[in-house]
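Report on the structure
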Amino acid sequence: MKELRPVSDLRPTAVIVLAAGEGTRMKSTTPKVLHTIGGRSLVAHAIRAARGTSPHHLAVVVRHERDRVAEHVSQVDPDAVVADQDDVKGTGRAVECALEALPADLSGTVVVTYGDVPLLTSETLEGLVAAHHASGSAVTVITATLDDPTGYGRVLRDETGAVAAIVEQKDADEEQRAIREVNSGLYAFDVAVLREALAEVGTDNAQGEKYLTDVIAIARGRGLAVRAHLVADLWQTEGVNDKVQLARLGAELNRRTVEQAMRDGAIVIDPATTWIDADVTIGPDTVVRPNTQIHGATTIGRDCVIGPDTTLTDVEVGDGASVVRTQAELAEIGPGATVGPFSYLRPGTRLGAKGKIGGFVETKNAVIGDGAKVPHLTYCGDATIGEGANIGAGTIFANYDGVTKGHTNVGAHSFVGSNSVVVAPRHIGDGAYVAAGSAVVSDVAPGQLAVTRAQQRNIDGWVARRRAGTKTDEAAQAALAGDAQTGDARTGDARTGAQADARARARAEARGDAEAAAEAEAALASEPGAVSPNDRLSRHAGDSAADSAIDSTTETKDAQR
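Residues numbered from 1 in each chain as written. Predicted model: local features only at pLDDT ≥ 70, side-chain atom pairs only at ≥ 80, totals over all residues. Heavy atoms only, no water.

1. Some words on the side chain of T292
Positionally, T292 belongs in strand 16 (residues 292-295). For T292, a relative accessible area of 0% translates into the label buried. At a separation of 2.8 Å, a polar atom in the side chain of T292 contacts the main-chain carbonyl oxygen of R289. With sequence-adjacent residues up to four places away left out, T292 is seen in contact with T273, T274, W275, I306, G307, P308, D309 and T310. (Helix = DSSP H or I, 4+ residues; strand = E, 2+ residues; numbered from the N terminus. Buried < 20%, exposed > 50% of the residue type's maximum accessible area, 1.4 Å probe, protein only. Polar contact = N/O pair within 3.5 Å; in protein donor to acceptor, adjacent residues only side chain to side chain. Contact = heavy atoms within 4.5 Å.)

2. Points about the packing of aromatic side chains
Geometrically, a pair of aromatic rings is defined through the distance of the ring centres and the angle of the planes. Scanning the entire structure with this criterion turns up three aromatic pairs. Aromatic side chains F342 and F360 sit 5.2 Å apart centroid to centroid with 20 degrees between the ring planes, which places their arrangement in the stacked category. Residue F342 is located in the loop between strand 24 (338-339) and strand 25 (343-345), and its partner F360 is located in the loop between strand 27 (356-359) and strand 28 (362-368); the two are separated by 18 residues in the primary sequence. The ring of Y400 has K405 lying over it, and the distance from NZ or CZ to the ring centre is 5.6 Å. (Phe/Tyr/Trp six-rings, centres within 6.5 Å; stacked < 30°, edge-to-face > 60°. Lys NZ or Arg CZ within 6 Å of the ring centre and 35° of its normal.)

3. As for the pattern of salt bridges
Applying the stated criterion across every chain yields a total of 28 salt bridges. Close ionic contact of D87 with R63 constitutes a salt bridge, the shortest N to O distance being 2.8 Å. Linking D87 in the loop between strand 5 (81-84) and helix 3 (91-101) with R63 in the loop between strand 4 (57-62) and helix 2 (66-76), this pair joins segments that are 24 residues apart in sequence. Among the charged side chains, a network of salt bridges with common partners joins D233, E252, R255, R256, E259 and R263. (Salt bridge = Lys/Arg side-chain N within 4 Å of Asp/Glu carboxyl O.)

4. Things to note about the side chain of T257
Turning to its location among the elements, T257 is positioned in helix 8 (residues 243-263). Discounting chain neighbours no more than four positions away, the residues touching T257 are I276, D277 and A278.

5. Brief notes about unusual backbone geometry
Following G307, the chain continues to P308 via a peptide bond in cis, the omega torsion being 5 degrees. As for its position among the elements, P308 is in the loop between strand 18 (305-306) and strand 19 (310-313). Cis geometry is found at the peptide bond from A424 to P425, where omega equals -5 degrees. For P425, the position within the fold is in the loop between strand 35 (421-423) and strand 36 (426-428). Look at D309: it is not a glycine, yet its phi comes out positive at around 55 degrees. Structurally, D309 is set in the loop between strand 18 and strand 19. A positive phi is found at F342, a non-glycine position, where the angle reads about 60 degrees.

6. Notes on the packing of helix 1 (residues 42-51) against helix 2
It is the contact of helix 1 with helix 2, at a shortest axis distance of 10 Å, that shows an interaxial angle of 45 degrees. Here helix 2 runs oblique to helix 1, going by the angle between their axes. In this structure, the crossing between helix 1 and helix 2 has a hand that is right-handed. The segment helix 1 lies against helix 2, with V43, A44 and I47 engaging H72, V73 and V76. (Axes fitted to C-alpha atoms, helices over the stretch in contact; angles between N-to-C directions. Parallel < 35°, antiparallel > 145°, perpendicular 65-115°, else oblique. Left-handed = near helix turned anticlockwise from the far one by under 90°.)

7. Considerations on the environment of A464
Relative to the elements of secondary structure, A464 occurs in helix 9 (residues 462-466). In this structure A464 comes out as partly exposed when scored by relative accessible area, which is 37%. A sequence separation of 12 residues divides A464 from A476, and the C-alpha atoms of the two residues are 8.3 Å apart.

8. Things to note about the pairing of strand 7 (residues 139-145)
For strand 7, the tally of buried residues reaches six of seven residues, placing the bulk of the element in the interior. Pairing analysis gives six bridges linking strand 7 to strand 10 (residues 181-190), with the strands arranged antiparallel. Bridge pairing in strand 10 links T140 to A188. Here strand 7 runs beside strand 11 (residues 226-230); their pairing, made up of five bridges, is parallel. Bridge pairing links V141 to A228 in strand 11. (Pairing = 2+ DSSP bridges.)

Below, the structure is given as structure tokens:
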């Protein structure tokens, strides 16, 4: 056997992550190590902790659903070695298969961890390696003391306090099961000791498996030191065996993540209803309101307001933005922008600085420029909205013809009126207007007004003929009767005024004051009231009709252009 010697480099030579188990208690078609908490799979948490120790080599052992797990491992850490476990079961055989996949001339320290221990940190593994080197032990094992150790292997110590052996739950007698110090399954080994001991481990046990724990007894039998590294944070040693534990560990991970976000400067109003994934970053003085979920690789700047009732997944939020009652995925929200309430930002949405996406707006593959606004009740898909443009309420960007998607460009500082439909592919130039209620089916040049609207017709008597006897008809008849009475009163007022004017003229003439009569006529002609109310109404109606005709002609000419 090789002589143990101190190693100046405290980095482990290799870290082996065991992820071959089936996890039958999960009762799932998804391999246990691929279940997620905190935005990462269980095995991704394990790989991240392992990689944080800066090992020379990292190997992940797979077997159950081999292809699925191996593909995921390669995505998480392309440099990791994927080692296949054969039909021989047990943790000892899994480590043996990993060593066979690594260089044969390895020397130094090998750390063994598991793919279902998501709260384990790199710092704890580094502490294990440091303790292992400091003690000069052949084996160092992380242990913990549990109130209920059921299911865990028990740590047996000798009279000096050193680790004598580890006995699995199913192989332990009653006295051994009463021991509360348990094996975490996390080890640091001298690689030479590990190789030689594994060659001697058999399968003569209740499970017929090759146990890694048997290496400890072999090392002890050769007079080599085996030490325990006791950790106080029991959560770091707890594994996931069923979905109850998955939820329990997920809640604890979230508690820690939210607490760290607050220590880093975020303001979380209600930590109990706030869920933040492990890879999320939140700037100082950003307020996270209740019932908010922030997932994936979302990054949020400082001085923002997020929530309440908001879900962000892989979203970038700039400083000072406000995102209220919104669901967004793979989107960018610029500094000072406002989103919500009840907005849905689908992948490809990019909202510029101080832009606005308002209530009941859905966007997809939409680039909305700085200061541009899409305030209400709009679907904006496959569109580029220029700086300072305004999209009116109820606008639809019709981007799909049943076969292909089309793109629409709306120029800077343009205005699209309410309840319009823009049929893609379409280009609306800078500084253009679209009248409310228009269906835009051709391009609009800069400075133009696009109007596509049928001429309004008011059909007299339609309700009386088609809806006679209804409440609608009764209301119309009452309104018309009121208008008639008002008209009679106006006629009476005009008649009374005319009679008074005539009497004034008669009195003047009777006095023989022709000059006074002329002055009275001139005064009457210069007064606005000299025109009778009926005459004024008639003239106003004529002016309105003329204006309408002129506007209609103008709109027709604009459309023809």
